[in-house]
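# Observations on chain architecture
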Amino acid sequence: MPVKLIIKRIQKIYSYRRSLWSMSLKQFKAKYAGSVLGFFWVIINPLLMMLVITFVFTAVFKTGVKDFALFVLSGILPWMFFSGALSEATPSLLVQKSVLHQFSLPKEILPLSSVLSYFMSFLMSWCIVYPVFSFHNPKIIPLTPLLPVIFLLTYFFTCGISLLFSVINILFRDLEHLLGILLMFWFWVTPVFYSIEMIPPEFRWAFNFNPMSPFIICYREIILYGRIPDVGTFLGVIGWAFFSLFIGLSVSVCLESSALKRI
Amino acid sequence: MPIIKFNDVWEMYRIKFIIEGKASWQNFWALRGISFSMERGESLGIIGENGSGKSTILKLIAGMLNPDRGQANISGSVSGLLELGAGFQAELTGRENIFLQSELFGLSRDEINKRYQQIIDFAEIGKFIDAPVKCYSQGMFVRLAFAIAIHMEPEIFLIDDTLAVGDEYFQKKCIKEIFKVGESGKTVIIVTHDMAMLQKLCKRTIFLKNGMMIKDGETAKVASFYSQAVGSPKGIAIVARKQLSLVFNNGRLLLNWEGKLITSFPGVYTTFGISGVWYSSTQAEWDVEESNGKLVATGKFYHLALSQIWRIEVSDNYEIKWDIEIETETDIQLHQIYANVMLVDGYKQWFVDSEQGEFPVIKEEDKNWKSIFFKNGPSVCIGVYPQESASGKLPALFFEQSRLRYLGQGTVLNSDYLNPGRILQYKTIPISSNPINQPSRFICFSGAIKVNIADIHDYVSKIQNEFIISNKKLKLIFDNGRLSVFFDNIPLTKAGHMYSAFFTKQRWFTSDLARWTLEKESDNILIARGNWDDLGISQTWRINICNGLSFTWDVDIEAKRDIAIEHQRLRCFFPADFKLFFSKFVSEKFSDTFNDTEVDLLQRCVSTGEVGLRDPTGSLPQVSLFFSEKLGNFIKVFNSDHYSKARLLHLEKVEPEINVMFSPGKYECFRTRFVLDRNKTTDIDKLNNIIEDKNIRFVFNKGSGRFYKNGEELTKNIALYTSMRSKGRWHDSFSSASWKIIYKDSQQIKAVGKWLQLPLSQEWEIAIKDDGLFEWMVRLEVEKEIEVDCLQSNIMFSERFSQWLVDKEEGFFPEFADDVDDNWDCLWSGKKDDRIISLRENPIYNLPRVSLSLKKSNPQWHLKIINSDRYHRGRILQYSSSAQTNFSPGKYHYFSGLLTIQDK
C-alpha cells in the first residue's frame, strides 16, 4: 500500500500549487487565445452539442422525455468536462515533456493542470447555465449548496482517472488513440441522453458498473428535478471519486521510474 | 552534509531497436556504479566522450530520473540549461515565458517582478522579447533560457553543453556570470568539451567513460588525462591500478604515475621499416578490447596488408606485459622492428643490464635522436633510475624483453630538442629463416614494462640467471628455441644462431615457434623443453657447459601420438669471419660472396664425426663440432644466402626409410659437442701428412693426395684417390673411408683406410723413389665376401694441363664449357697396360710434364684419359678394371704405379 508515498506526493504537489495554478491559467487562456469568440466557447460547445442531440432525439427518434433539451444539457456539461479533461490530460506528460526536463516539478502537475483548466471552463459554463435551470424549475434553488459538492467530487474523479491514464499512456501509447473510441463508447453507456428508467430492468445492473452513471444521475436530480439524490447513488459518487483518486495517485507514484524514462 | 550525494548509482535505458521491421528491446546501461559527493559551493566539471553518461547524471540531479540502483540524494533547488527550448511554451511571447518559467520554478509574484527586468537586460534579444518564442533562433533561445535560469538563483546550477550554441560574446558573458554564481557560494556543475572553460570555472572535474567514472580530481590533471584518451573511440582503452594508470590510444600507450604523465609524446609505440619506408604504430587503424585489465589491440595497416596485434596485461604490482604479434597476408620482408618507450626528460640516469650512466642534457642544437649507449649483444633489461623532480617523484622504470622471445638489441637514446625525452628502445629483427610465401603470423616482441621496482641490480642478475649458462670464457644464451654462443663476450653465432627444425605434415617446424619452458639442473646445465601442442611433439634440449671451452647440446624428441617425421636438422649460423672449414678429409675456404640461396660446400654428405670452422686472423677461436654418427647424423656445410651472410653448419638426421612413423615415446636425435680453441693452428696441418723432395711436395689428406711443385698445386680437387663400385654404388677413398697414417718418414707415407660401408680396407704406400719420381702402391684387404665390379685408381690434375700423350698418340683437352660439360668425358682409352700416359702443359703455365705408368702390370687394367665435368675442372689419368669379381676374404694387390714429374 503506497499510502506514505501518496501522502508525500500530495505534499509535493501542494508545494507546487502555484505552478499548478499558473499552468492551468495559461492552458485555459491558451485554449481560447487567438480565437474570435474567445471564452464564449466555454458555453457554445455544450450548447451546440445539446441542440444536435435534442434535434435527433425529438425530431428523428422520438424519446418522449419531457424537456429533453434541458435533460440532455444537465448531463452533457459534466460529461464534456470529464471527456475533455481526460482527452487533454492523457497525452499531457508526453506533449509537455519539455517542462519536466527543465523544472523539477512533480509530474502529476501536468495532467492535473489540464483537468484544472477544464474545470475552470466547466465552472464558467455553469455560471451561464444555472440561471436557465433555476428559471425552468425554481425547486432546484434550495439544493444549490449541493452543487459545489458534486462539482468537487466530479473534479476528484476526473483527476484520478486523468492521473491514471496519463501514466498508462506513457507505457502504452495506444491509449491516446483508443481514448476517442473509448470515450464514445462510454458516452453511450452513460445515461446522458436517456434515463435509467428507459433501460429494461434485466440490463439495469450493468449500468451500475459505469462510474459516470451515478454522477450524471446526481446532476440530473439536483439541477433538473430539484430532488436530493438517493443515498446509494450519492455514496457511489463519493466512493468512485476517492477510489479513482487513490488509484490514480498510486499508479502515478509507483510507476514513476519506468514512466519517466519512457518519456 | 553534502548537497549532492551519489552512491553507487546505476541507470539503465530500455531502448527499442527496430531492424528491418522487427523491434527488439535492449537494455543500455548509461551509468555504472557512479559514486561521488559535492559540498555546497563547489564547482564541478564533467567531461567524457559522447554517450558516456554526462547528461544522465545531470538529469538525475535535476530530478528528472530516478536511479535504478543506488541512491542519489539532492538537497537543494535545481535549475539550469539542460535542453534547448525546454520549458518554453511556443505560442507565448518571450516576456510571457519569463513569467511562466519563473512561476513554474516556484517564485512568488514579487520576486518575479524584481528580476524580470534584469532577465530581459541580460538576454539582450531586443524587440523579439515580445514575439512568440516559436520564431526564435537557437541563439535567442539559449540567451533567454540562460538569462532566466541564472536569475532563478537556484542552489544547484546545471549547465549542459548547450552553451556552445551561443556566439563568442554571449559565451564570455555566461562564463563571467557562472563564475559569479560560483563565487557567491552556489553549487555549479558544468558539462562541456571546452577545456579552457573548464579550467576557468571548475576546480574539480570528473571524467566519465562508458558510464563509469575513470577519474575524479583536480581539473588540470583530469583534463590532461582526458586529452590522452581523445581519439577514435574504438582504439582507446584505459586501465588503472592504484598509482599507475595506463591509456592506450590508437597505437600508443601513455603511462601515468600518481596522476602525472611519465611518458612523453608519443609514449610507448613501435616503428618498423619495409623496403626503406618507416611506419609507426600510430598510423594504423586500431581496435581495442578490454577485459579485467587485459587489452588486446589490433592495428591494421591496410595498404601494407599487415596487422600488428598488441596484448597488454597490467598486474597489481605495476608490471605491464606487452606482446607484439605481426600478421601478414603476403610475404613481407620486415627488416627491423623497434619497440620504443619514450619517457619524460626528468629522468637522468639509465641502465642497460649491468651498465649504467647519465643522460646528457638535451641542447638546442640536438635536432635528431642520439644514441647514448648501445650494446652489441642482446640485452635483457634497459631502464631508468627513479628521480625526484619538480613535479613529484618519477618512479624507476624497467623495459624488459621476455626471456621467452628472441633477444634484440637494447639502446637508450636522447630525443631531439623540440620534443625532449628519453627513449628506451629494443631493436628486434624478426627472422624468417624459411621464407614463406603465404600468410603468416609470428610474435616479434615479448616483454614487460615494470614500474617502481626496488633493488634494480638484484633483479637484473636474477633474470639473467634463468636462461644463461656461462663459465669464465664461454656464455650460452637460450632464447625461445635459439641458442647463442659468446666467447669472451664476442658473439660466435649470428643471424638464426643455433636452432632445430623438423619436417612433418608437409612442412618444416622450427624450434623458435614452440612453447618453451626452462629448467636449470645445475649452474652448468640448462634443460629446455619445447612443446608443439597441436602436433603432440615435445623436444628437449640439454645444454651442458663443460669445464674449459666446450659445451654439449643434446636434442631428444618425444611424441605423444603417432606422427611421421621425415627429416630433422640442427642449424648453426656463424659469422663470416670464419674463412675456412675443415673436416676429416677436406679443408676449404669459404667463398666471400653470398648468393640468393645457400650454397652446399661439402657436396657429399660426410658422416664423419667432426667438422670445424676457423678464422685465419685468430680473432675468433676455432670452433669444432663433434657429432654422433651412431644416430645417423650427417653434416653439411653451407655458405648462407645474402640475408644472413653467415657460415652454416647443418646437421641432418635422416630416417632409414621415408615416411617413418614415430609411435608415442622418446627418441634420441642429436648428440653434439662444440669445442672452442683459440690456439689450434697445428690441427689442420696434423690432418695432412707431407713428404717432400726438393721442390716437389706430396700431401696426403686422408684418402686423397696432392702434389705441389714449387708451391703450386699440380693436382686438382680430389687429386689422387681410388674408387670402387659395388652393387651400383661408388665408394671413394676420400669420402667413404676412414684413414689412419700408420707410418711416415721423410720418404714415404703408409696409410690404411677402412671403408665404412664395405667390409674392406686399403693400404696405401706413397714413396719418393728418385728425383721427381713417386711410387704409389695400393693393397686391398677384404674381410667378408663382397662383390666389386669396378676398381679405379685416379689422379686428377689441374686443368692447366692441356695436352695428353700416349706413346705416339697425342691430343688436346677441350676447354670446359659452362653449360655443357656435366659429365666426365673419356678422351682416350686403351687396353695395353704398359704404356705411359702423360700430360703436357700449356706452354704459358710452365708446368712440368707428368707421366703415369704401371709398375706391375695387370691385364685387366684399362688406361683412360678423362676430361672431368665443369664442376671439378680437372684432367684425370685413370687406371680401371671392370671385371666383375667376387672377392672372398683375403689380401689382394690393387694397384702399383709410378708417377714422374719432370721439367721439360
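First, a word on scope: everything that follows refers to the structure included in this document. (Residues numbered from 1 in each chain as written. Chains lettered and ligands numbered in written order. Predicted model: local features only at pLDDT ≥ 70, side-chain atom pairs only at ≥ 80, totals over all residues. Heavy atoms only, no water.)

### Side note on the interface of chain A and chain B
Across the boundary between the two partners, chain A contributes 19 residues, which contact 26 residues of chain B. Run the count over chain A and chain B and you get 1 salt bridge. Of all elements in the fold, only helix 2 (17–32), helix 6 (97–102) and helix 13 (256–262) of chain A reach the threshold of two or more residues within the side of chain A that touches chain B. Among the residues forming the side of chain A that touches chain B, the class breakdown is 7 nonpolar, 8 polar and 4 charged. (Contact = heavy atoms within 4.5 Å. Salt bridge = Lys/Arg side-chain N within 4 Å of Asp/Glu carboxyl O. Helix = DSSP H or I, 4+ residues; strand = E, 2+ residues; numbered from the N terminus. Nonpolar A, V, L, I, M, F, W, Y, C, P; charged D, E, K, R; others polar.)

### Details of the nonpolar core
The tendency in soluble globular proteins is for nonpolar side chains to be buried side by side. Counting residues in each nonpolar core, the largest one holds 138 residues, and the members touching the most others are A:Phe82, A:Trp126, A:Phe133, B:Phe146, B:Leu163 and B:Ile178. Discounting chain neighbours no more than four positions away, the residues touching A:Phe133 are A:Leu70, A:Leu73, A:Ser74, A:Trp126, A:Ile140, A:Ile223 and A:Leu224. Within the second largest apolar cluster, 51 residues are counted, among which are B:Leu343, B:Val352, B:Leu424 and B:Ile449. (Core = buried A, V, L, I, M, F, W, Y, C linked by side-chain atoms within 4.5 Å. Buried < 20%, exposed > 50% of the residue type's maximum accessible area, 1.4 Å probe, protein only.)

### Comments concerning the sheet that holds strand 9 (residues 212–218) of chain B
Residues and elements named next belong to chain B. With mixed pairing, the 6 strands of this open sheet are ordered in space as 5-6-7-3-8-9. At either end of the open sheet lies a strand with only one pairing partner, and these are strand 5 (78–81) and strand 9. Pairwise comparison of adjacent strand axes, ignoring direction, gives a mean angle of 20° for this sheet. In this structure, strand 5 lies alongside strand 6 (residues 156–159), joined through 4 bridges in parallel fashion. (Pairing = 2+ DSSP bridges. Axes fitted to C-alpha atoms, helices over the stretch in contact; angles between N-to-C directions.)

### A word on helix 8 (residues 146–171) of chain A
Here helix 8 of chain A is 26 residues long and its end C-alpha atoms lie 38 Å apart, about the 38 Å a rise of 1.5 Å per residue gives. The buried count for helix 8 of chain A comes to 19 of 26 residues, which makes it a mostly enclosed element. (Expected span 1.5 Å × (residues − 1).)

### Let's talk about the side chain of A:Arg220
Residue and element names in this part refer to chain A. Following the sequence through the fold, Arg220 ends up in helix 11 (residues 212–225). One polar contact links the side chain of Arg220 to the main-chain carbonyl oxygen of Val192, over a distance of 3.0 Å. If sequence neighbours within four positions are ignored, Arg220 has contacts with Phe71, Ser74, Pro191, Val192, Tyr194, Ser195 and Tyr225. (Polar contact = N/O pair within 3.5 Å; in protein donor to acceptor, adjacent residues only side chain to side chain.)

### What about the pattern of salt bridges?
Inspection of the entire model under this criterion finds 30 salt bridges over all chains. Between B:Glu177 and B:Lys180 there is a salt bridge whose closest N-O contact spans 3.6 Å. With B:Glu177 and B:Lys180 both in helix 5 (residues 168–183) and 3 residues apart, this pair spans about one turn of that helix. By relative accessible area, which is 17% here, B:Glu177 ends up buried. For the salt bridge of B:Arg725 with B:Asp789, the shortest nitrogen-to-oxygen distance reads 3.1 Å. Of this pair, B:Arg725 sits in strand 55 (residues 715–726) while B:Asp789 sits in the loop between strand 61 (786–788) and strand 62 (790–798), and the two are 64 residues apart along the sequence. For B:Asp789, a relative accessible area of 15% puts it in the buried group. Each of A:Arg9, A:Lys107, A:Glu108 and A:Glu256 takes part in one network of salt bridges that share partners.

### Considering the pairing of strand 58 (residues 748–755) of chain B
Residues and elements named next belong to chain B. Strand direction decides the pairing type here: strand 57 (residues 737–744) and strand 58, joined by 7 bridges, are antiparallel. When the bridges of strand 58 are listed, Ser738 appears paired with Lys754. Bridge analysis of strand 58 against strand 59 (residues 760–770) gives 7 bridges, and the strand direction is antiparallel. Opposite Gln748, over in strand 59, you have Ala767 as the bridge partner. In textbook terms, the turn of a hairpin is the stretch between consecutive antiparallel strands, and for strand 58 and strand 59 this stretch comprises 4 residues.

### Some remarks on a nonpolar patch on the surface
All names here are of chain A. A contiguous nonpolar patch, built from Val36, Leu37, Phe39, Phe40, Trp41, Leu48 and Leu51 and spanning about 720 Å² of accessible area, is present on the exposed surface. In this structure, Leu48 sits in helix 3 (residues 41–60). On the basis of relative accessibility, which here comes to 43%, the residue Leu48 falls in the partly exposed class. (Patch = residues over 30% accessible without salt bridge, like charges linked within 9 Å, V, L, I, M, F, W, Y side chains within 5 Å. Areas by Shrake-Rupley, 256 points an atom, 1.4 Å probe, with all protein chains shown as cover.)

### Description of the pairing of strand 2 (residues 22–38) of chain B
Residue and element names in this part refer to chain B. As defined by bridge partners, strand 1 (residues 4–19) adjoins strand 2 across 13 bridges and the pair is classed as antiparallel. Residue Ile19 lies in a different strand from strand 2, and its bridge partner there is Lys22. Linkage of strand 1 to strand 2, two consecutive antiparallel strands, is achieved through a turn of 2 residues, within which Glu20 is found at a positive phi near 50°.

### With respect to the sheet that holds strand 22 (residues 355–358) of chain B
Residue and element names in this part refer to chain B. Spatially, 9 strands are ordered 16-17-18-19-30-27-24-21-22 in an open sheet, and the strand pairing comes out antiparallel. Both edges of this open sheet fall to strand 16 (285–291) and strand 22, since each of them pairs with a single strand only. Shown here is a sheet whose adjacent strand axes are inclined to one another by a mean of 15°, direction ignored. In this sheet, strand 17 (residues 294–301) lies alongside strand 16 in antiparallel orientation, the contact comprising 7 bridges. Residue Glu285 lies in a different strand from strand 17, and its bridge partner there is Lys300.

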